[in-house]
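Listed below, chain by chain, are the residues.
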Amino acid sequence: MNVQSGIDWRKAVMTAIMFVISILFLLPFIWMLMTSFKMETDVFTYPIQWIPQTWNAIENYKEVWFGDYPFYLYYWNSIKISILTTITSCLVSALAAYGFSKIHFAASNGLFMIVLVTYMIPSQAILVPQFILYRNIGLFDSHLGLIIIGSFSVLGTFMLRQFFIGIHQEFIESAKLDGAGHFRIFYSIGLPLVKPAVATYAILRFIWTWNDYQNPLIFLRTDNLYTLPLALQKFTSMSGEFYSLIMAGAVSAILPLVIVFIIGQKSVIEGIALGGVKG
């Protein structure tokens, strides 16, 4: 009985410590959110006003979304690119992972090693060849070019391959005896069994694409095609003295990421747990 009460006491202390730490991590976000609701004259008042005395939220967000730099347009650009890139990347990575894990041929291991080696090359090292190639084939300054760049991921292929390896070969052989081909096996057996891993990678791919600043900066020139990171940087440079507006833009930029993580956190936990069991 004493041992059990001691365990409960330690658990309560750890819970309290983790709660305090989580509040400390959330404080910058809370300040940013509250600042986006304030009048500009109240942003740097001391002591800090966590709850605004005068609310100016509607005016701030209206200026951000429908002002000189319409965030609704950049939002649509980022959402379109992020969703299409995530879907394409998950499909391509899952197909490649299935091929490298379940289709055995003479050069399969060598090809996979070549794929892994390409991950060691910094993305900045191939920007110039990519730029020249995209300009010559007509994909420069287009959303399609950005989608294609993000659709091939060595990390996604490696990550999903580890989960496909964990699928027992007996399932594959049984499906082959029933006359199923590899595409049918992939769609009906493989993909459902690694769904938590695919969901985990999809969330990561969406976040990476949403936050990507380098590729849109290099491959986009038309203002109407800008994604949200580019638009936010431009908005910040033009409105550097209006911190309430900058915070409103920042809140708008991270809100989809928070929503995606809240919706997909169960799949992320399942994917991590599944990886731990297979490991």
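Source: prediction; values computed, not measured.

(A) Highlighting the overall build of the protein chain. The secondary structure content of the protein chain amounts to 13 helices and 0 strands. Reading the protein chain from its N terminus to its C terminus gives the helix and strand order α-α-α-α-α-α-α-α-α-α-α-α-α. Taken along its principal axes, the extent of the C-alpha atoms in the protein chain is 75 × 70 × 30 Å. Taken over 279 residues, the protein chain has a buried fraction of 38%. Counting every atom, the protein chain has about 16700 Å² of accessible surface; 71% of that belongs to carbon and sulfur. For the protein chain, the distance from the average position of its 16 positive side-chain charges to the average position of its 14 negative side-chain charges is 11 Å.

(B) Quick peek at the side chain of Ser89. Within the fold, Ser89 resides in helix H3 (residues 71-102). Setting aside anything within four residues of it in sequence, one finds Ser89 in contact with Gly150, Ser151, Ser153, Tyr201 and Arg205.

(C) Region of the structure containing the pattern of salt bridges. Taken as a whole, this structure holds 1 salt bridge when the rule is applied. Here Lys234 and Asp223 are joined by a salt bridge, their closest N and O atoms 2.8 Å apart. Highlighted residues: Lys234 in helix H12 (residues 228-238) and Asp223 in the loop between helix H11 (214-219) and H12, separated in sequence by 11 residues. In this structure Lys234 comes out as partly exposed when scored by relative accessible area, which is 26%.

(D) How the structure looks around unusual backbone geometry. The phi dihedral of Asp141 is positive, around 60°, even though this residue is not glycine. With respect to the element layout, Asp141 can be found in the loop between helix H5 (127-137) and helix H6 (143-150).

(E) Region of the structure containing the packing of helix H7 (residues 154-165) against helix H10 (residues 195-211). The interhelical angle for the contact between H7 and H10, taken along N-to-C directions, is 165°, at an axis separation of 10 Å. Judged on the interaxial angle alone, H10 and H7 are roughly antiparallel. The handedness of the crossing between H7 and H10 is right-handed. For the pair formed by H7 and H10, the contact residues are Leu155, Gly156, Met159, Leu160 and Phe163 on the first element and Ala197, Val198, Thr200, Tyr201 and Trp208 on the second. Classifying every residue of the contact of H7 with H10 by side-chain character gives 8 nonpolar, 2 polar and no charged.

(F) Quick peek at a nonpolar patch on the surface. A contiguous nonpolar patch, built from Phe19, Val20, Ile23, Leu24, Leu26, Leu27, Phe29, Ile30, Ile48, Trp50, Ile51 and Trp55 and spanning about 1100 Å² of accessible area, is present on the exposed surface. With respect to the helices, strands and loops of the structure, Phe19 is situated in helix H1 (residues 2-35). A relative accessible area of 54% means that Phe19 is categorised as exposed.

(G) Inspection of the side chain of His143 at higher detail. Of note, His143 is situated in helix H6. At 2.9 Å, the side chain of His143 forms a polar contact with the backbone oxygen of Leu225. Residue contacts for His143: discarding those within four places in its chain leaves Asn77, Lys80, Ile81, Leu220 and Leu225.

(H) Up close: the packing of helix H2 (residues 57-66) against H3. In the contact formed by H2 and H3, the axes pass within 6 Å of each other and the chain directions differ by 60°. Judged on the interaxial angle alone, H3 and H2 are oblique. In this structure, H2 contributes Val64, Trp65 and Phe66 to the contact, and H3 contributes Phe71, Tyr72 and Tyr75. Taken together, the residues of the contact of H2 with H3 sort by class into 6 nonpolar, no polar and no charged.

(I) Here's a closer look at the nonpolar core. With 26 residues, the main nonpolar core has Val64, Phe71, Tyr74, Trp210, Leu228 and Phe235 as its most contacted residues. Elements with a contribution of two residues or more to this core: H1, H2, H3, H10, H12 and helix H13 (243-278). Considering each element in turn, this core owes the most residues, 8 residues, to H13. Those residues in contact with Leu228 that lie beyond four places of it in its chain are Phe71, Tyr74, Tyr75, Ser78, Trp210, Ser252 and Ala253.

What counts and what doesn't
- Residues numbered from 1 in each chain as written.
- Predicted model: local features only at pLDDT ≥ 70, side-chain atom pairs only at ≥ 80, totals over all residues.
- Heavy atoms only, no water.
- Helix = DSSP H or I, 4+ residues; strand = E, 2+ residues; numbered from the N terminus.
- Buried < 20%, exposed > 50% of the residue type's maximum accessible area, 1.4 Å probe, protein only.
- Areas by Shrake-Rupley, 256 points an atom, 1.4 Å probe, with all protein chains shown as cover.
- Lys, Arg positive; Asp, Glu negative; His and termini not counted.
- Charge placed at Lys NZ, Arg CZ, Asp CG, Glu CD.
- Contact = heavy atoms within 4.5 Å.
- Salt bridge = Lys/Arg side-chain N within 4 Å of Asp/Glu carboxyl O.
- Axes fitted to C-alpha atoms, helices over the stretch in contact; angles between N-to-C directions.
- Parallel < 35°, antiparallel > 145°, perpendicular 65-115°, else oblique.
- Left-handed = near helix turned anticlockwise from the far one by under 90°.
- Nonpolar A, V, L, I, M, F, W, Y, C, P; charged D, E, K, R; others polar.
- Patch = residues over 30% accessible without salt bridge, like charges linked within 9 Å, V, L, I, M, F, W, Y side chains within 5 Å.
- Polar contact = N/O pair within 3.5 Å; in protein donor to acceptor, adjacent residues only side chain to side chain.
- Core = buried A, V, L, I, M, F, W, Y, C linked by side-chain atoms within 4.5 Å.

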